[in-house]
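# A structural walkthrough
What follows is the residue order along each chain.
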Amino acid sequence: MRKKKIPMRRCVGCREMKEKRELLRIVRNNEGEIFVDPTGKKNGRGAYICKNMACFEQARKAKSLSREFGCEIPQEVYDEITRQMEAYVGK
């Protein structure tokens, strides 16, 4: 029996390769909107980040998301990512 391939993605915070389902996806669509994609399937340019606050703070400090998307990230997006992280950690 063939083993199923597990998709791997790089975290913009710690720069480690991890399984896609272990990461949180942030998307920039064609209209320039930036938002959290919990399903991982929305259209647009995606960036992945570990589901822990330390990694998120590291990415925020280094402005990794801004570099990844080629634009400035609004404060509302960072607030939404923080809410998603807190919801995940609360599980």
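Small disclaimer: the values here were computed from a predicted structure and weren't measured. (Residues numbered from 1 in each chain as written. Predicted model: local features only at pLDDT ≥ 70, side-chain atom pairs only at ≥ 80, totals over all residues. Heavy atoms only, no water.)

What follows concerns the pairing of strand β5 (residues 45-50). Of all six residues in β5, five are buried; the element is thus mostly enclosed. Summarising the sheet, strand β3 (residues 23-28) and β5 pair through six bridges and their orientation is antiparallel. Looking across to β5, one finds that L24 is bridged to I49. (Buried < 20%, exposed > 50% of the residue type's maximum accessible area, 1.4 Å probe, protein only. Helix = DSSP H or I, 4+ residues; strand = E, 2+ residues; numbered from the N terminus. Pairing = 2+ DSSP bridges.)

Here S64 shows up in helix α2 (residues 64-69). The class of S64 is buried, set by a relative accessible area of 7%. Within the local environment of S64, its side chain forms a polar contact with the backbone oxygen of V12, the two atoms lying 3.1 Å apart. With residues near it in sequence (within four places) discarded, S64 still touches V12 and A59. (Polar contact = N/O pair within 3.5 Å; in protein donor to acceptor, adjacent residues only side chain to side chain. Contact = heavy atoms within 4.5 Å.)

Before going further, it helps to spend a moment on the layout of surface pockets. In this model, the largest pocket occupies a volume close to 320 Å³. What lines the largest pocket is a set of 16 residues, and nearest its centre among them are R21, L23, L24, P38 and K51. When residues of the lining of the largest pocket are traced back to their parent elements, those giving at least two are β3 and α3 (75-89). Residues of the lining of the largest pocket, tallied by class, amount to six nonpolar, three polar and seven charged. (1 Å grid on protein atoms, 1.4 Å probe; cavity = no way out; pocket = protein on both sides within 12 Å on 5 of 7 lines; lining within 4 Å. Points joined across faces, edges and corners; volume = space filled by probe spheres on them. Nonpolar A, V, L, I, M, F, W, Y, C, P; charged D, E, K, R; others polar.)

This part takes up the sheet that holds strand β4 (residues 34-37). Strand order in the open sheet made by the three strands is β4-β3-β5, with antiparallel pairing throughout. Two strands bound the open sheet, and with one partner strand each, they are β4 and β5. The sheet shows a mean angle of 30° between the axes of neighbouring strands, direction not considered. Bridge count for β3 against β4 is four bridges, and the pairing is antiparallel. The residue of β4 that forms the bridge with R28 is I34. (Axes fitted to C-alpha atoms, helices over the stretch in contact; angles between N-to-C directions.)

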